[in-house]
Structures are given as structure tokens and as C-alpha cells.
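Coordinate inspection notes
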There are 2 protein chains.
Amino acid sequence: MPSSQGEKDLEALRGQIRAVTSDILKKVQERMVLAEQVGEVKSRLGIDVKDEKVEQEIRQMVIKQAGETGMSIEFALRLLNVLLSESEAVQEQKRPQQNNKAPRQTHLGIFQKAKQLEASGRRIIHLEVGEPDYPAPAQAGSALAESFAQKKYHYTDTRGIPQLREAIAKKNRVGEERVMVTPGGRFAVFAAIASLVRPGEEIIAIEPAWPAYRECADFIGARTKVLKTTLESGWTPDLKELESMITSGTKMIALNYPNNPTGKVLDKKTMDRIVALAKGHGLYLLSDEVYSDYSFKPFESVHAYGYDKGVIVSSFSKTYAMTGFRVGYAVASADLIKKMAKVQAVGVTSVAEPVQLAALAALGADPSRNVELMKRRLRFLSGKLKEMSLRFVEPDGAMYVYPELHSGGEDMQLVERLLERGVAIAPGSGFGDSYRRFVRISACRNEKEMEKGLAIMADEVRKAR
Amino acid sequence: MPSSQGEKDLEALRGQIRAVTSDILKKVQERMVLAEQVGEVKSRLGIDVKDEKVEQEIRQMVIKQAGETGMSIEFALRLLNVLLSESEAVQEQKRPQQNNKAPRQTHLGIFQKAKQLEASGRRIIHLEVGEPDYPAPAQAGSALAESFAQKKYHYTDTRGIPQLREAIAKKNRVGEERVMVTPGGRFAVFAAIASLVRPGEEIIAIEPAWPAYRECADFIGARTKVLKTTLESGWTPDLKELESMITSGTKMIALNYPNNPTGKVLDKKTMDRIVALAKGHGLYLLSDEVYSDYSFKPFESVHAYGYDKGVIVSSFSKTYAMTGFRVGYAVASADLIKKMAKVQAVGVTSVAEPVQLAALAALGADPSRNVELMKRRLRFLSGKLKEMSLRFVEPDGAMYVYPELHSGGEDMQLVERLLERGVAIAPGSGFGDSYRRFVRISACRNEKEMEKGLAIMADEVRKAR
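Residues numbered from 1 in each chain as written. Chains lettered and ligands numbered in written order. Predicted model: local features only at pLDDT ≥ 70, side-chain atom pairs only at ≥ 80, totals over all residues. Heavy atoms only, no water.

The name an unreviewed UniProt entry gives chain A is Aminotransferase, with Candidatus Nitrososphaera evergladensis SR1 as the organism. Turning to chain A, the UniProt record has this under Subunit (unreviewed entry): "Homodimer." (UniProt positions renumbered as here; feature names shortened; annotations may be inferred.)

Listed below in C-alpha cells is the structure:
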């Protein structure tokens, strides 16, 4: 029994809270019934459940109302997102079996399939995966062996061993407090998105792109808005369109140059403008520069702009052919690194010490031979694709060519036919929903092996015409 | 302009949705104002912001109302939790500077501090961290070196290399499709919680416990309900209380036996009842059995119960003294492993191949010497703590003793005083808010080193009396 006036007040307030909560639920239920009806109409009209424009309108309304009533806009948007997600789920559920829209396949999905075929005894030519066939630096191997002899296989600072952080910091001309070593570049992306973007907020990805940005955003319940680029425009993003997509719910732009899959490198003027845009709107700029060493024209890192909301992601995987060591890193302000380190502490504690030491040793190696080799292979690959009369933009960098199939061609059809014949390539749609007529061919195998695989591809492309 | 009846219907429905959304926001804002008032009263009365009982009541009300109106209970609870979290945040904000409640420190936080002190030249006796000082199996070292010679440093199947998965599967008498290799046991916990629990849903942790379950739940926006156990009851959970905590929002019970930090192993009858409870309520049972090899009385794995919602987490870190290799694994149904593999693919692609091969080789080693050593050290440690007249329960397993400080003792005070004197121990409150009068002492160093550290601890404990 409430004994004091304070406790009586508390009881009364709690009663009111219960009543309001009940009202909220009633209204939410009303909203769900309406959403279901919308779903039925959309289904009848054959319209997709998701409608960016309508969402955007309601988001603006919520922002306005929250602002007027002194409610936290972030909280209001988060709440809205819970409502929108449930509406979408309800509408999808009510739909008759979707018109055979196959689930999106990524290059990694095909790689896993190819691995399974190999396990069952098949021989596969791997043109699907960004995994160089040339060896990792010998130094990395020695370091791996030495680490064991020296009993260096213990928990390390969450951000990585000091020597490796210092070496990376030196390379980037920053202090070591601005570096975190991660289990692959992927976890750097994950940690950045998970620590800097909240559920219900938005990131902008420029597609085609490595799918990790979208996957990480999906994972934490953030929304990905897509700026599409086209072969016709040489994969150059339309910056006016980019600007028009930014709302107060937008928190991050994800850049991926040299681009995977197109090999595009942005010119300095375009980069200047993107950085200015991010600065102007206070957005995080996540720049995945994993392929920066494989750039065949001048490449300016976002790092050079000294933007305090920039996060640069890089990796040992491509430059040093160390994919399976799973070591990458992030460079950002000390403050952002601290936030990202919290995610790393929750997820993985720290990166395996032996592979950190191998990465440190690899920094002493000269990757220029790898880069020259890749350049030559890409030239070879481009030549072969031209012989097939496929359209594509010559890559400025990275390890891939991203050709468009002849009219009527569907990526997954070609991917599956080729896999049956022992050649793995990546479907274009894995890099963006709008690219079902593209495929990505990797130049990570030697010319002889590529030649074999591409001959089979040429045959299938001819048959499909 | 809407051209068909369908489009006109759509327009009308969207208008209604906007209106209802606006109503919801208004009500939510009302609720926030009330929550603030509650916060003020609580602050006046000196009551904590969080009140499990009141929350529970409102949760029951929401479940009832959702059930009656045909609303998804899951969704209703998710929504409620978004509201509750924001209310809490608002109330905490409104509080005058909290009465010096220091931010929670975990054993890892102290470890990082100790590492920094070492980097600055100090010598530290590490009694804070669960990292054995004895070496990893020699086989692991050879495998590491061989992996490089054989160029085995590539992307692997997301779930791990087939040989390692098969070896783990064989050990657990299941098919390899029920195993996933993870970067440390921690990521197995992360993947389980992230894939099986949704934001706003609840897990139950039995504290004191390793903080990872709560950290991972926090990370994805799920709530952790805590079943407290006490020294007085020998750290035995009260199963009636456990049952009373389960609501339709509860999705998982996290078990951690042999327990870190207390060393408790549950008897078979208690385990039977917990499994029956989980089954009866359809809850996931996450069983972190990382210390199962260090059990000094019969230990029954949750695995033995054949429960299809059971997820067993284990690791090479403790058994084989391979903490810094960062390799652990999960065993669960093929279906759950598939879900967890999706999280792993998003976060890390796969585990470093060299360390997977090292783990495979380690499985050929016999860990029984390690276990005997640990048993002896724990006996030694227990003896020393008895000499300090500290109360504790003799551990049934694991690598720690968890004593209670003398009346008035505060964990962080002792931890900090000892750190100044070159001895690192873990604060009890890192394993649960209610354990500020406990500390965790690790038996991972040899007796001579422990003796040195414990003498300093004895001195500080004496001074504090």
C-alpha cells in the first residue's frame, strides 16, 4: 500500500501510463489493419510492397511532428521504422506466392556452391571470387611460425597489437589511436555501420557495389537507400540525385572505389563534391578502399580530406593475397575508433594474434608485382570479353570486369549454365537489384586458366544470343 | 494522378495511415511526458529508474490486449520495448548526477588497463583474465606453419573447413551440418543471439555470469532479464523464480556452466528441470560450455538432451590454452546453424584458415594435464583465500574463485588499489550488477606468481577491514 504522497503520485502516474499504452496499441492495431488493406490493393494492382517515395513522405511527416512537439526525432524515426517493418511483413505475408522472384545470389553464394561441387570431386575454374592465386608474402609465413615459437597467441588489445597499429598508422600518417585491426575488411564495415548508424536510420549506397554495406545495414535494422549508376554513364554517380536522397534520417554514405564490381575510380572533382556533400550534411563517409593498391589511375583516399566523420576501410586480403588470414583495418578519428572497438569487443574480443603478426610482416613486402600482374590479367580478360561483343567499361582498378549480357540475357541463367560446365562467375545482381543483366568476372586466376573458363563462357554467350 | 479505382483506394488508405500514424505519435508523446513525471517522483523518492515488476505488469497487459485484438504479440512486445527503453533513457537523463555510480567495469576492461600499464613498463601479475599461461599443443604450432607452406590461407566455407567441422561433429556425435566454427566462442554467442532473438525480445541470464550474453542482447536491442543467484544458496538458481520470469516475449535462456565466475556446475536434476522448462515454453537454450573440460564433477552437456532449440557453444581457448587463436564453435540443429551462418557471413565471411587448421591439429592433443594443473591451482588459490577469511563456494570447475569481500568492501576499490600495486583482479560487478561485493580471481598463472599477487591482495584486504 502506498505509504507516502510520493508513492501515491507514482501509483496514479503508472495508471495513466498503462491507459496511454493501451491507447497506443489500439491505434497501432488500426494502422496494421489499414496496412493490410493497402497490401491487398497493391497485390491486386501488382505493385511492389516497398515504396521508397511513400515511405519518404511519411518519414518527413513524422520528423515534422516530432520537431513540433519536442519529441526526440531519432526516437520517432526508430518507432516509425518498427511500424513500417511490421507493415511490410504483414503485406508480404498476405501476398500470393511471389512471381518466382529468385532469392538474390551473391558472388559468395556461388563460391560456396562451387566449393561444395569441388568437395564432391568436380574441378571448378574460379572466376567468381576476388581471391588472388598468387602467394602471400613469405614474411607472413615466417611470422606465423615465429608467433607460435614465441607464444604470441594470446588476447590482444581489442584494437590490435601496438606494433601493427603503429605500422598502419605510419603508413596513413596518423596516430595509432586512429587505427583498429579487424577480422577482415568486412568486420571494419560491420563495426562502422553497427556503431554509427541506429535501427531505423538510413545509409546511402552507390550501386553496383559490394553487398556488405547493405547487408550490415539490414542486420542492424537500418535502411539502405540506393543511388544507381549505369554503364552508359561510365558508372559515374549523379551527385544531384545523391543530394536529393539525403534526409534527416540519413547518417552515412558508403563509398566503394576502386569499385567492386566495375573497377571504376572516381575523378578528384567528383570525390571533392561527395566529401563536401557529406560534410555539409554531417554524414559519416564510409570509404571502402580495399582495392586502392590496385588502381591504375591516380586514386585519392578519403583519408586525404581530413574529414572527422570519414571511416577508411582497408585490408591485407587483396594487396598481399592474404584473403584467408582475415585481417583488415579501419582508420578514423580516435573517437569513432573507440565506438567501433566496442562492437569488436562484443563480437570477437580481438583478432587472432598470429595473423596480426603475419600482417605486420607482410607490410614489409612490396606488392607492386601483384599489381602489375593484375593489370596484365585484366587487359587479357577485357580482350576476351570484347571478342564476345559484350559491353563494359574498362576497369580503372580492382580485380574485375563487369560486362553487360546481350539483350534478354539473365545473370543467373548464365551463372548456372556455366557452373554446370565447371566455370564459376558472379551474378551481377549480387551487386544491386538493378543489375540482373550483368555478370562479374574476376581476374584472380592465371591467363591459361582464365582462357579455358572464358572459352566456355564464350560458347554459352553465343548460344544465348 | 490516380488513374484507376485501385489507385484511388490506395491514395485514400494512405491518407488514413498518415492520420493514424500522427495519432500514434501524439499518444507516444503523452506517454513520454508521463514517464518524465514518474522519473521526477522516483528521483525525489530515491528509487531506481528500472523496476522489473512494473515492467512485467505492463508487459502482461500488452500481451493480453494484443491477444484479444489479434495483433502479433511479438510485434506488440517489440513496440513496447522501444517505448520502455526510451522512457528509461528520458528518466536517466532527467536525474541529477547519479550518486557516483561508476560505469560497470568488466574483467576485459581491467585486462586492457593492465596491458596499457605493461606497455608503459610496469610489471603486472595477471589474476584478472581467463588466459592460461601453459602452452598451446605443439601440433597447433606445426599446423600453423604447414598451412602457409601448403598455401592454405584462403576463404573457407562460412561454417568452417570440412575437416574441422567433421572432427568437432564426431566429438559431439552429430552430423557436420550441425557445426559452425567461429572466431572465438564469443562470436558463437553473438551469432546465436543475433540470429535467434529479435530487438525487444528477452533473454534470461543467470547471474553472476560472463557478461557476453547481456552484451550481445544489448547490442541487438533485446532485453536481458536476470535471475540472481547467491553465495548463500551455493549459486543454485531458484527454478520457480526462473519460471515466473518467462513471458511470451522471452525467447532464450542463457546457461553458463561450469560457471564463469563461480565455478558452479549444476546437478543433473536441476539441468533436467531447466531443459524441461525451456522445452515447455519453446525457448532457445544457449549453453556456453567453454569450461566443460575443466569440470571436477560429472558435467552433462545440454547437447545430451537432444533439444532442437539448444545451442551449445564451446571453444579451443581454455581447454587447449589457445585464447589468442580466436577459434570456437557452435553445435545446434542444422536449421539453427544455417541462421547463425548468415550472421557469420555478414560479419566476418569465415574464420582464418591457418587458425582453423591449428584447431584441427589441437584436437589430437590430450588436455588432461591442463585440467589436472588447473585443479591443483584452484585448490591452492582457495587455500589462500580462506587464509584471508573470505567467503566463497569451492569451484566445481572452470578457472576461477569468486569470493565475497568483507562487509563494506567494494570490488572496484580493491581492484584499483591492487592494480596500483601491480596485481590485476576482476571486479565482481562485471558479472552482474548485484555483485559489487565480489571479486573474481583467476587461477591461470603458476602458484609462485599467484602467491605473490595474493600476498598483496591479503594485505589490502586486511587494511580494508
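1. Examining the overall build of chain A
Tallying secondary structure elements over chain A gives 15 helices and 12 strands in all. For chain A, whose C-alpha radius of gyration is 25 Å, the value lies close to the compact-globule estimate of 23 Å for 465 residues. Principal-axis analysis of the C-alpha atoms places the extent of chain A at approximately 85 × 60 × 50 Å. By residue count, 61% of the 465 residues in chain A fall in the buried class. Roughly 18,200 Å² of accessible area belongs to chain A as shown, and the carbon and sulfur atoms make up 50% of that amount. For chain A, the distance from the average position of its 68 positive side-chain charges to the average position of its 60 negative side-chain charges is 2 Å. (Helix = DSSP H or I, 4+ residues; strand = E, 2+ residues; numbered from the N terminus. Rg over C-alpha atoms; globule rule 2.2 N^0.38 Å. Buried < 20%, exposed > 50% of the residue type's maximum accessible area, 1.4 Å probe, protein only. Areas by Shrake-Rupley, 256 points an atom, 1.4 Å probe, with all protein chains shown as cover. Lys, Arg positive; Asp, Glu negative; His and termini not counted. Charge placed at Lys NZ, Arg CZ, Asp CG, Glu CD.)

2. Some points on the interface of chain A and chain B
With 104 residues of chain A at the contact, the number on the chain B side is 105 residues. Counting across the interface, chain A meets chain B through six salt bridges. Where arginine 44 of chain A meets aspartate 9 of chain B, a salt bridge forms, and the shortest distance between an N and an O atom there is 3.6 Å. Taken together, the links from chain A to chain B amount to 34 residue pairs in polar contact (both at pLDDT 80 or more). (Contact = heavy atoms within 4.5 Å. Salt bridge = Lys/Arg side-chain N within 4 Å of Asp/Glu carboxyl O. Polar contact = N/O pair within 3.5 Å; in protein donor to acceptor, adjacent residues only side chain to side chain.)

3. Looking at the pairing of strand E6 (residues 284-288) of chain B
All names here are of chain B. For E6, a buried count of five out of five residues is recorded, marking the element as mostly surrounded by other parts of the structure. Sheet topology places strand E5 (residues 250-255) next to E6; four bridges connect them, and they run parallel. Residue pairing in the sheet places leucine 255 in a bridge with serine 287 of E6. Chirality of the crossover, the property in question, places the unit of E5, helix H10 (residues 268-281) and E6 among those that are right-handed. Bridging between E6 and strand E7 (residues 310-315) involves four bridges; their strand directions are parallel. Within E7, the position partnered with aspartate 288 by the bridge is valine 313. (Pairing = 2+ DSSP bridges. Right-handed = clockwise from strand over helix to strand, strands pointing away.)

4. Remarks on the environment of methionine 388 of chain B
Residues and elements named next belong to chain B. As for its placement among the helices and strands, methionine 388 is situated in the loop between helix H13 (368-387) and strand E9 (400-401). Relative accessible area serves as the criterion here: at 8%, methionine 388 is assigned to the buried category. Counting along the chain gives 219 residues from methionine 388 to alanine 169, while the straight-line C-alpha distance between them is 45 Å. Every residue in contact with methionine 388, bar those within four places of it in the chain, is listed here: His406, Leu454, Met457, Ala458 and Val461.

5. Considerations on the relation of the copies chain A and chain B
Of the two same-sequence chains, chain A is brought onto chain B (RMSD 0.6 Å, axial shift 0.4 Å) by a rotation of 180°. As the rotation angle and translation indicate, the two copies are arranged about a two-fold axis. Among all C-alpha atoms of chain A, that of alanine 145 of chain A lies closest to the rotation axis, at 2.4 Å. Most of the interface of chain A is mirrored in chain B, where 100% of its interface residues again form contacts. (Least-squares fit on C-alpha atoms with pLDDT ≥ 70 in both.)

6. Overview of helix H1 (residues 5-45) of chain B
Between its first and last C-alpha, H1 of chain B extends 60 Å over 41 residues, near the 60 Å set by a 1.5 Å rise per residue. Where H1 of chain B ends, the next residue or the one after it, glycine 46 of chain B, has phi of about 70°, a positive value. (Expected span 1.5 Å × (residues − 1).)

7. Section: the packing of helix H7 (residues 185-196) of chain A against helix H8 (residues 212-220) of chain A
Residue and element names in this part refer to chain A. Where H7 contacts H8, the two axes come as close as 9 Å, and the packing angle between them is 45°. By the angle class used here, H7 and H8 are oblique. Where H7 crosses over H8, the handedness of that crossing is right-handed. Between H7 and H8, the contacting residues are Arg186, Val189, Phe190, Ile193 and Ala194 on the first element and Ala212, Tyr213, Glu215, Cys216, Ala217, Phe219 and Ile220 on the second. Per-class residue counts for the contact of H7 with H8 are 10 nonpolar, no polar and two charged. (Axes fitted to C-alpha atoms, helices over the stretch in contact; angles between N-to-C directions. Parallel < 35°, antiparallel > 145°, perpendicular 65-115°, else oblique. Left-handed = near helix turned anticlockwise from the far one by under 90°. Nonpolar A, V, L, I, M, F, W, Y, C, P; charged D, E, K, R; others polar.)

8. Let's talk about the sheet that holds strand E12 (residues 439-442) of chain A
Hydrogen bonding along the main chain pairs the strands of a sheet, whether they run parallel or antiparallel. Residues and elements named next belong to chain A. Across the sheet, which stays open at both edges, the three strands sit in the order E9-E12-E11 with antiparallel pairing between neighbours. The strands lining the two open edges of the sheet, one partner per strand, are strand E9 (400-401) and strand E11 (426-427). Pairing analysis gives two bridges linking E9 to E12, with the strands arranged antiparallel. By the bridge assignment for E12, tyrosine 400 is matched with serine 442.

9. Remarks on the pairing of strand E4 (residues 223-228) of chain B
Residues and elements named next belong to chain B. Bridging between strand E3 (residues 202-207) and E4 involves six bridges; their strand directions are parallel. Among the inter-strand pairings, glutamate 202 is bridged to a residue of E4, identified as arginine 223. Viewed along the sheet, the connection from E3 through helix H8 (residues 212-220) into E4 turns out right-handed.

10. A short note on the pattern of salt bridges
Under the counting rule described, the total for this entry stands at 67 salt bridges over all chains. Here arginine 421 of chain B ties to glutamate 460 of chain B by a salt bridge, and the two come within 3.0 Å at their closest N and O atoms. Of the two residues, arginine 421 of chain B is situated in the loop between helix H14 (411-420) and strand E10 (423-424) and glutamate 460 of chain B in helix H15 (residues 447-464); the sequence distance between them amounts to 39 residues. Sharing partners across several salt bridges, the network here consists of Glu55, Arg59, Glu88, Glu202, Arg223 and Lys225 of chain A.

11. As for helix H7 (residues 185-196) of chain B
Residues and elements named next belong to chain B. Helix length check: H7, at 12 residues, gives a terminal C-alpha distance of 17 Å against a target of 16 Å (1.5 Å per residue), a fit within 8%. Across the 12 residues that make up H7, a large majority, 11, are buried. Taken as a whole, H7 has its buried residues at Gly185, Arg186, Phe187, Ala188, Val189, Phe190, Ala191, Ala192, Ile193, Ala194 and Leu196.

12. Examining the domain arrangement of chain A
We note that the domain assignment places domain 1 (28-101), domain 2 (107-133 + 367-464) and domain 3 (138-362) within chain A. Here the C-alpha centroids of domain 1 of chain A and domain 2 of chain A sit 39 Å apart. (Domains from an automatic or database assignment.)

13. Some thoughts on unusual backbone geometry
Put simply, glutamate 207 of chain B and proline 208 of chain B share a cis peptide bond, and its omega is 5°. Turning to its location among the elements, proline 208 of chain B is positioned in the loop between E3 and H8. Look at the link from asparagine 260 of chain B to proline 261 of chain B: it is a cis peptide, with omega at 25°. Position of proline 261 of chain B among the secondary structure elements: in the loop between E5 and H10. One non-glycine residue, lysine 151 of chain A, adopts positive backbone phi at about 55°.

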